[in-house]
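What the coordinates show
As a plain string of letters, each chain reads:
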Amino acid sequence: MSKKTLTFALMDPPYESENLTTAFRILDAAARRGHTINVFAYEGASALAFTKQVPHANPVHGKNLAEENHPTTKDQVAALLVLAEKSGGKVDWVNCGMCVDERGVAEFIAGTRRGSPADLHTFSEASDNVLVIPTK
Amino acid sequence: MAKKTLNIVESAYRAVMEEQDDTILWLLAAMQGAGAEHTVVLRGNAVNYAVAGQGAPGLTVGEWKQSQAPRMDKDVIDLIETRKIPVYVIEEDLAARGIGKNDLIPGAKLLGSKMLPKLMADYQIVSHW
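Residues numbered from 1 in each chain as written. Chains lettered and ligands numbered in written order. Predicted model: local features only at pLDDT ≥ 70, side-chain atom pairs only at ≥ 80, totals over all residues.

Regarding its fold elements, chain B presents five helices and seven strands. Listed N to C, the secondary structure of chain B is β-α-α-β-β-β-α-β-α-β-α-β in terms of helices and strands. For a compact globule of 129 residues, the expected C-alpha radius of gyration is about 14 Å, and chain B comes in at 15 Å, within 12% of that figure. Summarising its shape, the C-alpha atoms of chain B cover approximately 50 × 35 × 20 Å along the three principal directions. Contacts in chain B between residues far apart in sequence, at least 24 positions, make up 71% of those at least 6 positions apart. (Helix = DSSP H or I, 4+ residues; strand = E, 2+ residues; numbered from the N terminus. Rg over C-alpha atoms; globule rule 2.2 N^0.38 Å. Contact = placed C-beta atoms within 7 Å.)

Moving on: the overall build of chain A. Within chain A, the regular secondary structure consists of five helices and five strands. Traced from its N-terminal end to its C-terminal end, chain A shows the element sequence β-α-β-α-α-β-α-β-α-β. Relative to the 2.2 N^0.38 estimate, which gives 14 Å for 136 residues, the radius of gyration of chain A is 15 Å and therefore close to what a compact globule would have. In terms of overall dimensions, chain A has a C-alpha envelope of 50 × 35 × 30 Å along the principal axes. For chain A, with 136 residues in total, the buried portion stands at 46%. (Buried ≥ 20, exposed ≤ 12 C-beta atoms within 10 Å, placed from the backbone.)

Below, the discussion takes up the interface of chain B and chain A. Across the boundary between the two partners, chain B contributes 19 residues, which contact 22 residues of chain A. Of all the secondary structure elements, the ones that give two or more residues to the side of chain B that touches chain A are α1 (16-19), α2 (23-33) and β3 (60-61) of chain B. Of the residues contributing to the side of chain B that touches chain A, the split by class is nine nonpolar, six polar and four charged. (Nonpolar A, V, L, I, M, F, W, Y, C, P; charged D, E, K, R; others polar.)

A few words on the packing of helix α1 (residues 19-32) of chain A against helix α3 (residues 73-86) of chain A. What describes two packed helices is the angle between their axes and the distance between those same axes. Residues and elements named next belong to chain A. For the pair α1 and α3, the least separation of the axes is 9 Å and the interaxial angle reads 15°. One finds that α1 runs roughly parallel with respect to α3. Seen from above, α1 lies across α3 with left-handed handedness. Residues Leu20, Phe24, Leu27, Asp28, Ala31 and Arg32 of α1 touch α3, and the partners they reach there are Thr73, Gln76, Leu80, Leu83 and Ala84. Residue classes in the contact of α1 with α3 are distributed as seven nonpolar, two polar and two charged. (Axes fitted to C-alpha atoms, helices over the stretch in contact; angles between N-to-C directions. Parallel < 35°, antiparallel > 145°, perpendicular 65-115°, else oblique. Left-handed = near helix turned anticlockwise from the far one by under 90°.)

Bringing α1(A) into the picture now. Residues and elements named next belong to chain A. The end-to-end C-alpha distance of α1, which contains 14 residues, comes to 20 Å, matching closely the 20 Å that a straight helix rising 1.5 Å per residue would cover. Among all positions in α1, only Leu20, Thr21, Ala23, Phe24, Leu27, Asp28, Ala30 and Ala31 are buried. Gly34 occupies a position one or two residues after α1 and carries a positive phi of about 75°. (Expected span 1.5 Å × (residues − 1).)

Bringing helix α3 (residues 72-81) of chain B into the picture now. The periodicity of an α-helix, 3.6 residues per turn, causes residues three or four positions apart to be oriented the same way. Residue and element names in this part refer to chain B. Every buried residue belonging to α3 is among Met72, Val76 and Leu79, and all of these are buried. Buried positions in α3, seen along its axis, are confined to an arc of 50° and lie on one side of it. Here the buried face of α3 lies against α1, α2, β2 (37-42) and β5 (87-90). (Arc of directions from axis to C-beta.)

A few words now on the sheet that holds strand β1 (residues 5-10) of chain A. Two orientations exist for strands paired in a sheet by backbone hydrogen bonds: parallel and antiparallel. Residues and elements named next belong to chain A. Strands sit in the order β4-β3-β2-β1-β5 across an open sheet of five strands; the sheet is parallel. Each edge of the open sheet is held by one strand with a lone partner, namely β4 (112-115) and β5 (129-133). Taken over all neighbouring pairs, the strand axes of this sheet differ in orientation by 20° on average, direction set aside. Bridge count for β1 against β5 is five bridges, and the pairing is parallel. (Pairing = 2+ DSSP bridges.)

So, on to the nonpolar core. If you look at the biggest cluster of nonpolar residues, it comprises 39 residues, and the most contacted ones within it are A:Leu10, A:Val39, A:Ala41, A:Tyr42 and A:Leu80. Those elements that provide at least two residues to this core are β1, α1, β2 (36-41), α3, β3 (90-96), α4 (97-103) and α5 (117-126) of chain A. The element best represented in this core is α3(A), accounting for seven residues. If we skip the residues at most four places from it in the chain, A:Leu80 touches A:Leu27, A:Asp28, A:Ala31, A:Val91, B:Val61 and B:Gly62. Listed in part, the 29 residues of the second largest apolar core include B:Ala29, B:Val40, B:Ala46 and B:Leu104. (Core = buried A, V, L, I, M, F, W, Y, C linked by C-beta atoms within 7 Å.)

In structure tokens, the structure reads:
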């Protein structure tokens, strides 16, 4: 199977919709196949890689921190980067600079970077396909 | 004595995978623990929360695996049995989705949509989520 270059534009913030679960399932599948992946994290999605996300216990579930094993999207992004590298692909994850500034989430995990709408344009020009998963 | 609140829950499956529950049902359970007196009406797509045996596989991204994926039917059973929160399900919304009464968890009460206004009259607060 030939390797493709795929661009994804994400918009939803963490913990607000099911769109990101769908996005991460697709990203995982693409990374396992070694495709080159570009992600433009726009608007609320610019908080996906924010380093200060912290998992929590859940008293309503009656579960402590370890038992609840609460997901953080920064861990999912980190796992995606590792997976892509192992599979012979790569991920260029761009956090919209103005979006992170206005949200105060400009500290993002290593392996992702700050960018601008020009990156989405560059990604789109160089990609075999582009998938926008917009917020509703 | 707490004010009686009727909560009409219509938004469904919004971030349940990331939160590992529904944020509104979670909120109501937590408030009940703090002394609130809630009742829930599931309508629209939220009627599916009362369907027994549901559940999506946890998310996997590379080596990261979700171990506590949500089970909404169990969360609703917890509301009914543990929290003592009555849960109604709108009959017409079930029928529109092809969900049979036998598909529901035990303890969920059916409510015809025409009976909803009458039910509202029994509560001091009505919240639509």
